[in-house]
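# Structural overview
As a plain string of letters, each chain reads:
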Amino acid sequence: MMMKKFFFLSIVGILMACNSEPKDIKYGQDNCDYCHMTVVDEIHGTELVTDKGKVYIFDSMECLVNFKNEHEHKYSHEMTNYFEVPGKLMPIKDAFLLKSDQLPSPMGGNVTAFQTQEKLQQIMEEKGGKEVSYSEAQEILKK
């Protein structure tokens, strides 16, 4: 009986260790895995999660892009904070991206994610800039 219980708990532990879900960023505590600055900006924070469950946190999309270019992993999640709800993460592939110098990001790439096209358009009318795709953003933000 004891052996079965040990085996069950071992399997549960292994499955929990392989969790490949995003985690909340602890602003003011977590450090960027690329530039090592403390992550404080709740609009520009980003995150990568490997298919093995390793979570990498970044203070901006430009750090995420440069980290990806230097490290070959398979990622199950590429996440970003977004303008409408600071501190909340969403998949980058679902975000609408605005490149605007009037919305400065921590590392100066100045790409901001939005959950809706309407909000992006509203802020673009106020602040200027250009809507970009994720692939365009990756090219712009490479060092």
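Here is what the cut-offs are and how they apply
- Residues numbered from 1 in each chain as written.
- Predicted model: local features only at pLDDT ≥ 70, side-chain atom pairs only at ≥ 80, totals over all residues.
- Heavy atoms only, no water.
- Pairing = 2+ DSSP bridges.
- Helix = DSSP H or I, 4+ residues; strand = E, 2+ residues; numbered from the N terminus.
- Axes fitted to C-alpha atoms, helices over the stretch in contact; angles between N-to-C directions.
- Parallel < 35°, antiparallel > 145°, perpendicular 65-115°, else oblique.
- Contact = heavy atoms within 4.5 Å.
- Nonpolar A, V, L, I, M, F, W, Y, C, P; charged D, E, K, R; others polar.
- Core = buried A, V, L, I, M, F, W, Y, C linked by side-chain atoms within 4.5 Å.
- Buried < 20%, exposed > 50% of the residue type's maximum accessible area, 1.4 Å probe, protein only.
- Disulfide = S-S within 2.5 Å.
- pLDDT = per-residue confidence, 0-100.

### Topic: the pairing of strand β5 (residues 96-99)
A regular strand places its side chains on the two faces of the sheet in alternate fashion. Where β5 and strand β6 (residues 111-114) come together, 4 bridges link them in antiparallel fashion. Across the sheet, L97 pairs through a bridge with A113, a residue of β6. Where β5 lies against strand β7 (residues 130-132), 3 bridges are found, and the strand directions are antiparallel. Within β7, the position partnered with K99 by the bridge is K130.

### Quick notes on the sheet that holds strand β2 (residues 55-58)
Taking strand neighbours across the sheet as the criterion, the 4 strands line up as β2-β1-β3-β4 in an open arrangement whose pairing is antiparallel. Lying at the two open borders of the sheet, with one neighbouring strand each, are β2 and β4 (89-91). Strand after strand, the sheet turns through a mean of 25° between neighbouring axes, direction not considered. Judged from the 3 bridges that link them, strand β3 (residues 75-81) and β4 form a sheet pairing that is antiparallel. What sits directly across from T80, in β4, is M90.

### Concerning the packing of helix α2 (residues 61-70) against helix α4 (residues 134-141)
Geometry of a packed helix pair, given as the angle between the helix axes and the separation of the axes. Following both chains from N to C, one finds α2 and α4 inclined at 85°, their axes separated by 9 Å at the closest point. With respect to each other, α2 and α4 are oriented roughly perpendicular. From α2, M61, E62, L64, V65, N66 and K68 reach across to α4, where they touch Y134, A137, Q138 and L141. Here the residues of the contact of α2 with α4 are counted per class, giving 6 nonpolar, 2 polar and 2 charged.

### Some remarks on the nonpolar core
Ranked by internal contacts, the top residues of the largest apolar core, which has 29 residues, are L48, F58, M61, L64, F67, L97 and A137. Taken together, the elements giving at least two residues each to this core come down to β1 (46-50), β2, α2, β3, β4, β6 and α4. Looking at which element gives the most residues to this core, the answer is α2, with 5 residues. Sequence-distant contacts of F58, defined by excluding residues within four places in its chain, comprise C32, D33, Y34, V39, G45, T46, E47, L48, C63, L64 and F67. Judged by nonpolar contacts, the second largest core, of 5 residues, contains L98, L103, F114 and L120.

### Focus: the state of the cysteines
Here, disulfide denotes a covalent bond that connects the sulfur atoms of two cysteines. The full count for this structure, using the stated rule, is 0 disulfides. Unpaired in this structure, C32 has its nearest cysteine sulfur neighbour in C35, at a distance of 3.7 Å. Using a relative accessible area of 1% as the deciding quantity, one classes C32 as buried. Of all cysteine sulfurs, the one in C32 lies closest to C63, which takes part in no disulfide; the gap is 3.7 Å. For C63, a relative accessible area of 2% translates into the label buried.

### A closer look at the confidence of the model for the protein chain
Overall, the prediction assigns the protein chain a mean pLDDT of 90, with 87% of residues at 70 or greater. pLDDT under 50 marks residues 12-16. Its contacts with residues more than four places away, or in other chains, come to 0 contacts.

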